[in-house]
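Below, each chain spelled out in residue letters.
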Amino acid sequence: MAVFSPSATTFYSNITVYLQCYFLTIAYMLGTGILGLPVTLARAGFTPFLFMMTICLVAQIISIILITDAIQKLVYVQLHAEISLADNDPTNVKESYDGIPLAESSVTDESCFSDGDSAEERSLFSKTESSSDEMPAVNIFILAKVFLPKILSCASTMNFLFYFSVAGISYALAGSQAYAEVFHINSALTVTPFFCWLLNLLAVFGRKLVSPLVSVLTLFKGSLLLVAAIIAFVVGTTVHDRISNDFRYAGDTFMLVTVAVGGTYLTLPFLFTKIKYVEHEIRYLRISTTFGLITVYILEILWCWATLDVVPQIDPCSVSLSQTNNGTYCLPPDYTLQSAAENGEISTIPFTKVINSLYPQYSWVATIISLFIMVSITVSYLFNSTILCHTVEGVITSWWKESWNKCDFMEIKCQNVTSSLANIVFLSVIFIVAMFNPKSFLQVVEKLMSFGLNFGLGFFISFIVWRCTSKKYRDLDVPLPLSKVQIHLQYIVIVFFMTASIYDIVVWISESV
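Not measured: the values here are computed from a predicted model. One numbering rule holds for all chains: residues counted from 1, following each sequence as written. Reporting in this predicted model follows two pLDDT cut-offs: at least 70 for local features of residues, and 80 or more for side-chain atom pairs to be given and counted; totals over whole chains, interfaces and linings ignore these cut-offs and use all residues. Hydrogens and water molecules were not included; the side-chain quantities draw on all heavy atoms of the structure.

Peer 1: Got a minute to help me understand the overall build of the chain in this structure?
Peer 2: Every helix listed is a DSSP run of H or I at least four residues long, and every strand listed is a run of E at least two residues long, numbered separately from the N terminus. The helix and strand inventory of the chain stands at 21 helices and 0 strands. Counting every position in the chain, which comprises 513 residues, the buried fraction comes to 55%. The criterion used for residue contact is that any of the two residues' heavy atoms lie within 4.5 Å. Contacts in the chain between residues far apart in sequence, at least 24 positions, make up 84% of those at least 6 positions apart. The accessible surface values rely on the Shrake-Rupley method and a 1.4 Å probe; as for residues, cover is taken only from the protein chains in view. As displayed, the chain offers around 21,900 Å² of accessible surface, 65% of which is attributable to carbon and sulfur atoms. Burial status follows relative accessibility: with a 1.4 Å probe on protein chains alone, a residue under 20% of its type maximum counts as buried, one over 50% as exposed, and anything between as partly exposed.

Written out as structure tokens, the structure is:
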């Protein structure tokens, strides 16, 4: 008879939670890379791209380990209100860390209620005191507020809200384009209002449905991508497009590579709300997130390889067909990756053109790929909007606590309404920009998203990690502490992502001159 350890038993009982975290990680990242990466390989080719992707993957895995520790220490601060982090003497943390939202700040005093109060009122106020293994409220805003100086905390919040907004714009642009392609609609602008607002309303008012829905759709879109990639390789064996590699142009892929396998650190605070504050659950969450990142890495490499095997990079006459005598065939000039990059097109457009032109019998493959892109962008936009709303609500809640009366039921309702209105305002900005800027997908993704993501991780998150590994916070009794080796890995993250941020600025300046 098999005997399972308690941690193994807990793992199997919570496997749906870890699977959700795995699929949510994939859902957030798998979209932008699939759309934009192959188009940036026109001059660089496959080998430089693979080199850059691998380096970025390692840096992202290290960042997952470090940010997991930072979030644990954030939770520790909230759960241990009677421990002074300065000198380990019993004092009031609220005095040392004024303004930090603590788990104990939730209302538990029955004097706030009367016998006539409704169950709804009590459910809004009355929360059982957090036990040592329960997870208090965690979001990227609180993380910055606890560990950053006030000015940097405000700047960090603005940066992350900026990134979520820009990511939403890029997904709105790409999603509208993908739906227009699948349903043969002439103008993508016709699709944009329906695409944006159906998902916006679900993110604001249907939060409980998002995680299971995104998980199911992610499994579906992953299966579609695998089928499409396999068929693309089959087609590629007969097309024989010559792939040229040039490390001099490796920088062409650098900005979008950091976006394609980046952003995991923005999802971790949201995913932490799904587990308990115990070692094995935090460890399994970290493993699930890392495996999700590796899965995205593999899928994006397969898709880029398959695209390069079919679509010419620069020369439309570089294609060789098995059935031609001289082995060469010239495609129209707009059937190349370089043309797609210049016109701001996503990678499925030149791929579909080549398939329909050379192998109409495989036109159904192009349909599968277009369907994958449609589902992928839908999932990415929905989850990005959800995390944006989660962050905005953290900001509103923190500001509200400084002035509200926690025994006033109407104040609670006003806070909830204010949070919803703030979410709608941010989502409206995304919608308006997408309506007025429909042809700048690659420009938005490469420039704004890349800088916001890299600077956020290279500066703000690295500063938080540095504070968490400093003497003041280093020895906190968290469930899954860092080893000495892992602590020193933070410098790799700082150097890599600050270099990426500086590179973004240099590219902008060089293109503007």
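Still to come is the rest of the account.
Peer 1: What's the story with the packing of aromatic side chains in this structure? I'm lost.
Peer 2: Geometry of an aromatic ring pair is reported as the spacing of the ring centres plus the angle between the planes. Aromatic rings from Phe, Tyr and Trp, taking only the six-membered ring of Trp, are treated as a pair when their centres fall within 6.5 Å; an angle between ring planes under 30 degrees marks them as stacked, one over 60 as edge-to-face, and anything in between as tilted. One pass over the structure, following the stated rule, counts 25 aromatic pairs. Pairing Y179 with F183 gives two aromatic rings, centres 6.2 Å apart and planes at 15°, and the pair type is stacked. Classification of Y179 as partly exposed rests on a relative accessible area of 21%.

Peer 1: Explain the nonpolar core to me, please; I cannot follow it from the model alone.
Peer 2: A general tendency of soluble globular proteins is for nonpolar side chains to be buried together. Note on terminology: a nonpolar core comprises buried Ala, Val, Leu, Ile, Met, Phe, Trp, Tyr and Cys residues joined through side-chain atoms within 4.5 Å. Counting residues in each nonpolar core, the largest one holds 147 residues, and the members touching the most others are F49, I461 and I464. Ranked by residues supplied to this core, first place goes to helix α16 (residues 363-401) with 19 residues. Look past the residues within four positions of I464 in its chain and what remains in contact with it is A70, L143, A144, F147 and L148.

Peer 1: Whenever I open this one, the environment of S244 confuses me. Can you help?
Peer 2: Within the secondary structure, S244 is located in the loop between α10 (207-239) and α11 (251-260). Taking the C-alpha atoms as reference, S244 lies 8.8 Å from A42; in sequence the two are 202 residues apart. Dropping the residues within four chain positions of it, S244 is found in contact with A44, G45 and Q313.

Peer 1: Whenever I open this one, the side chain of E281 confuses me. Can you help?
Peer 2: With respect to the helices and strands, the residue E281 is situated in helix α13 (residues 279-310). We count Lys and Arg on the positive side and Asp and Glu on the negative side, and we leave His and both chain ends out. Here, a salt bridge means any side-chain nitrogen of Lys or Arg that lies within 4 Å of a carboxyl oxygen of Asp or Glu. The buried charged residue E281 lacks any salt bridge, with K276 as its nearest oppositely charged partner at 5.6 Å. Within 3.5 Å is the distance limit for a polar contact, defined as a pair of N or O atoms, with the added protein rule that one can donate a hydrogen and the other accept it, and that residues adjacent in sequence qualify only through two side-chain atoms. A polar side-chain atom of E281 sits 2.9 Å from the main-chain amide nitrogen of K276.

Peer 1: Can you help me understand a nonpolar patch on the surface in this one?
Peer 2: A cluster of nonpolar side chains, contributed by F51, I55 and F247, occupies part of the molecular surface with about 290 Å² of accessible area. Along the chain, the position of I55 falls in helix α4 (residues 46-79). I55 sits in the partly exposed class, given a relative accessible area of 34%. Like-charged residues within 9 Å of one another, or nonpolar side chains (Val, Leu, Ile, Met, Phe, Trp, Tyr) within 5 Å, are grouped into patches, provided each residue has over 30% relative accessible area and no salt bridge.

Peer 1: Is there a simple way to think about α4 in this case?
Peer 2: Owing to its 3.6 residues per turn, the α-helix brings residues three or four apart onto one side. Each helix should span, by expectation, one fewer than its residue count multiplied by 1.5 Å. Taking 1.5 Å per residue as the helical rise, α4 with its 34 residues ought to reach 50 Å, and the 49 Å between its terminal C-alpha atoms agrees with that figure. Of all 34 residues making up α4, 27 are buried, and the element is well covered by its neighbours.

Peer 1: I would appreciate a short explanation of the environment of L256 in the present structure.
Peer 2: Mapped onto the secondary structure, L256 falls in helix α11. With 216 residues separating them in the primary sequence, L256 and T40 have C-alpha atoms 8.0 Å apart.

Peer 1: In this structure, what is going on with the confidence of the model for the chain? I would like to understand it.
Peer 2: Reading predicted coordinates in detail is not appropriate for stretches of low pLDDT. The predictor attaches a confidence to each residue, called pLDDT, with possible values from 0 through 100. Per-residue confidence for the chain gives a mean pLDDT of 78, with 77% of residues at or over 70. Taken element by element, the predicted model of the chain shows its lowest mean pLDDT in helix α5 (residues 93-96) (38) and its highest in α4 (93). In the model, residues 82-133 has pLDDT below 50 throughout and makes 80 contacts with residues more than four positions away in sequence or in other chains.

Peer 1: In this structure, what is going on with helix α8 (residues 150-182)? I would like to understand it.
Peer 2: When the terminal C-alpha atoms of α8 are compared, their 48 Å separation across 33 residues agrees well with the 48 Å that a helix rising 1.5 Å per residue should span. Looking at the residues trailing α8, positive phi occurs at H184, about 55°.

Peer 1: Would you mind showing me how to read the pattern of salt bridges here?
Peer 2: Counting across every chain of the model gives 4 salt bridges. Put simply, D252 and R43 hold a salt bridge, and the shortest N to O gap is 2.9 Å. Residue D252 is located in helix α11, and its partner R43 is located in the loop between α3 (32-36) and α4; the two are separated by 209 residues in the primary sequence. Accessibility expressed as a relative area gives 24% for D252, which makes it partly exposed. With a closest N to O distance of 3.1 Å, K73 and D69 form a salt bridge. Of the two residues, K73 and D69 both sit in helix α4, 4 residues apart, roughly one turn of that helix.

Peer 1: Please clarify how the environment of V77 should be interpreted in this entry.
Peer 2: Mapped onto the fold, V77 is located in helix α4. Between the C-alpha atoms of V77 and V146, which are 69 residues apart in sequence, the distance is 8.7 Å.

Peer 1: It is not clear to me how unusual backbone geometry should be interpreted in this structure. Could you clarify?
Peer 2: The phi torsion of most residues other than glycine is negative, and most of the peptide bonds are trans. In this structure, H184 is a non-glycine residue whose phi angle is positive, near 55°. Note on placement: H184 falls in the loop between α8 and α9 (192-205).

Peer 1: What's the story with the side chain of N384 in this structure? I'm lost.
Peer 2: Residue placement: N384 occurs in helix α16. Here N384 falls in the buried class, since its relative accessible area comes to 0%.

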